[in-house]
Amino acid sequence: MTTNYIDAIRLAMRDEMRRDENVYCIGEDIGTYGGAFRATAGFLEEFGRPRILDTPLSEIAILGASVGSAIMGMRPIAEMQFADFIANGFNMLVNFAAKVHYRWGASCPMVVRLPTGGGTRGGPFHATNPEAWFTRIPGLKVVSPATVHDAYGLMRAAIRDDNPVLFLEHKFLYRRLKDVLPEGGIDTPLGVARKAREGSDVTLVTYGSMAYYAVEVADALAAEGVDVEVLDLRSLIPLDEAAILESVKKTNRVVICHEDTVCGGFGGEISARISELAFEHLDAPIRRVGALDTPVPHAPALEDAFMPQPADIREALLTTVHY
Amino acid sequence: MAIKMRKTGPKDLAKYEPEFLLGLYRDMLRTRAVDDRIEALYKQAKLVAGCYSSRGQEGCSIGSTAAVGDGDVIGPMIRNLGSLLRKGLPITMVLRNYLGRSTGPTKGRDGTSHFGALEHGIIGPISMLASLIPVCAGAALSFQMRGQNNVALTWIGEGGSNVGDFHEGLNFAGVLKLPFVLVLENNKYAYSTPVEFQTAAKTFYCRAEGYGIAADYVDGNDVLAMYETTRDAVARARNGDGPTLIEADTMRMRGHAIHDDAKYVPTELIKQWEKRDPILLWGRRLRTAKLLDDDLDTQIIAEVKTEVDDATDDAMSQPEAQPGNELGEVFA
């Protein structure tokens, strides 16, 4: 049966809830309504309250209660209705959840689901890519699936992980990606990148929605004689540094692309590591492709100009190859 | 909400076991002795950094913590040293943390009483203290989900009660009728800021009405009143009747931390509250009830001193935290 990206997330949550009674869902409008994006549709009927917990409009309470119950051995899956809203609960994640194991040894196994990203005309408060707010916080894991298989596999791994995991699910991919999930589901370990396309001329390091465009761009360039290797990170923290370095040492050229804004984006960290650890293998400067350093604009033409487009990726790849 | 009468303890102590009543006294003395010891270690330049005294607020910690049991969870804030001790945490573990020892509860990674110990049912605070309110509501939620008849008890100051976590945590706990008790220790000063700069309201417990939850108001320096008020809130919580906000009237008798001489607090106010010291008040009542005399008092004080001396020796003999596994335990 064909499954789309958001259904894969839903199925992974459902299967884990069937397997482990400590797993529960908490968030706004997730029960009766089935979630703003329907990620928890049918859960209330199957699992009932309080395992499917509709909450007040209250991100601090959702995240705080997740932390407290996780410390007590539950495995909450908290939904932020839109990734942007996590800013309301920032302290709970970066100061409580992230530090509790390091400080006094308690585990905090919780997943925070973050419907992320643009392309849906969401504007400044419904289209943010918040990963770089968190990738620099020791103690938080950050993952971002770009395929139906990884949507399932990373969710399963995130739920089973004993740490707080931020799960960036891209809204643009929710119903665009379709695939067949194997019987019994899929395991996608955290911290292992996926080679989305084998290539020899240049490495394109990417994740999330841009991984979706990357293969399309790479395939088009192949017809023009440019052989692009596409590395989909899947997991930002922990980062599969070895896979990045291995690919760069093979192709000697690299472009990093994410939908997030460029300044302070996670691409800067990847770029720095390549410079430090593989400088002598580079035949061209590292290039970054990302969104403009502005809030996410609302009008179609503005948002399209703001977000990195396939043409931008293509141009960066060609510039790098011909450097 | 009408202004409540501040609760005080019962006149007749006969319904309690003497052992329980003396236990409250002993635990307040232990708390003060540990606070005094920490202050002495600071003055000997043996602490890693500063320290926070709970002097004058021992009744709040001991009375409220006496109302919960083994399976219950507490989330003590910085001035609830007594709650840690009453919950069974060995004194040496507190001292080891202040001294930055590798065998302490945080292995030198955090200081003061900033730690939890799940084996004792303790969830540790972070510096943004009110975050304990939604977190402990989450612990209460885990009890509710698992059908356990336990409660979560936490504390906040009148200063910390003004951040959003207080509102979101109590509102959430109210909606779900969680088995949750919040003691608000109104100790009159948040660092240098007096109560009247924190709120225009006459009381803090009146906020409970806005959340549709129970409230109470108690003399925080009367340890038995503190116990009885918390006991009733815990009973409501166990009975499925939801959370309670208890405002405890008390006074911070030292500065915010040891570096702070608190000259901004009027001397008269301190003098007035010195007469209401919780240990002094409780000792007097025990004597009136013929449960305590000079001999027993001397004996308890000596036993407490021995316990704190032994704990200090033990803590001082522990190795100082050293680099070695810095990255090893960021993740579980």
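Residues numbered from 1 in each chain as written. Chains lettered and ligands numbered in written order. Predicted model: local features only at pLDDT ≥ 70, side-chain atom pairs only at ≥ 80, totals over all residues.

(A) Spatial organisation of the overall build of chain B. A count of helical and extended segments in chain B gives 11 helices and seven strands. Relative to a compact globule of 332 residues, whose C-alpha radius of gyration would be 20 Å, chain B shows 19 Å and is just as compact. Structurally, chain B occupies a C-alpha span of about 55 × 55 × 40 Å along its principal axes. When each of the 332 residues of chain B is scored for burial, the buried share is 52%. Considering only contacts in chain B between residues 6 or more positions apart, those separated by 24 or more positions represent 76%. (Helix = DSSP H or I, 4+ residues; strand = E, 2+ residues; numbered from the N terminus. Rg over C-alpha atoms; globule rule 2.2 N^0.38 Å. Buried ≥ 20, exposed ≤ 12 C-beta atoms within 10 Å, placed from the backbone. Contact = placed C-beta atoms within 7 Å.)

(B) Highlighting the packing of helix α5 (residues 132–146) of chain B against helix α6 (residues 164–175) of chain B. Residue and element names in this part refer to chain B. Following both chains from N to C, one finds α5 and α6 inclined at 20°, their axes separated by 8 Å at the closest point. It follows from the interaxial angle that α5 and α6 lie roughly parallel. As α5 runs across α6, the sense of the crossing is left-handed. Residue-level inspection shows Ile-133, Pro-134, Ala-137 and Ala-140 of α5 in contact with α6, the latter providing Asp-165, Phe-166, Glu-168, Gly-169, Leu-170, Phe-172 and Ala-173. (Axes fitted to C-alpha atoms, helices over the stretch in contact; angles between N-to-C directions. Parallel < 35°, antiparallel > 145°, perpendicular 65-115°, else oblique. Left-handed = near helix turned anticlockwise from the far one by under 90°.)

(C) View of the interface of chain B and chain A. Listed by partner, the interface residues are 33 residues for chain B and 30 residues for chain A. When residues of the side of chain B that touches chain A are traced back to their parent elements, those giving at least two are α5 and α6 of chain B. Here the side of chain B that touches chain A gets 10 residues from one element, more than from any other, and that element is α5(B). Class assignment of the residues belonging to the side of chain B that touches chain A gives a composition of 18 nonpolar, 10 polar and five charged. (Nonpolar A, V, L, I, M, F, W, Y, C, P; charged D, E, K, R; others polar.)

(D) Here's a closer look at the domain arrangement of chain A. Residues and elements named next belong to chain A. On domain assignment, one finds that chain A holds domain 1 (2–180) and domain 2 (194–321). The distance between the C-alpha centroids of domain 1 and domain 2 comes to 26 Å. Between domain 1 and domain 2, the residue contacts involve 26 residues of the former and 25 residues of the latter. Of all elements in the fold, only α6 (131–134), β6 (141–143), α7 (148–160) and β7 (164–170) reach the threshold of two or more residues within the side of domain 1 that touches domain 2. For the side of domain 1 that touches domain 2, the leading source of residues is β6, giving three residues. Residues belonging to the side of domain 1 that touches domain 2 are distributed by class as follows: 12 nonpolar, 10 polar and four charged. (Domains from an automatic or database assignment.)

(E) Quick peek at unusual backbone geometry. Residues and elements named next belong to chain A. For the bond running from Arg-49 to Pro-50, omega is 5°, close enough to zero to count as cis. Examined against the element boundaries, Pro-50 turns out to sit in the loop between α2 (43–47) and β3 (52–54). The phi angle at Arg-234 is positive, at roughly 65°, despite the residue not being glycine. Here Arg-234 shows up in the loop between β11 (228–232) and β12 (235–237).

(F) Quick look at helix α4 (residues 90–97) of chain A. The set of residues buried in α4(A) consists of Met92(A), Leu93(A), Phe96(A) and Ala97(A). Down the axis of α4(A), the buried side of the element spans an arc of 115°, and every buried residue falls inside it. On its buried face, α4(A) sits against α3 (59–71), α5 (100–104), β5 (110–116) and β7 of chain A together with α5 of chain B. (Arc of directions from axis to C-beta.)

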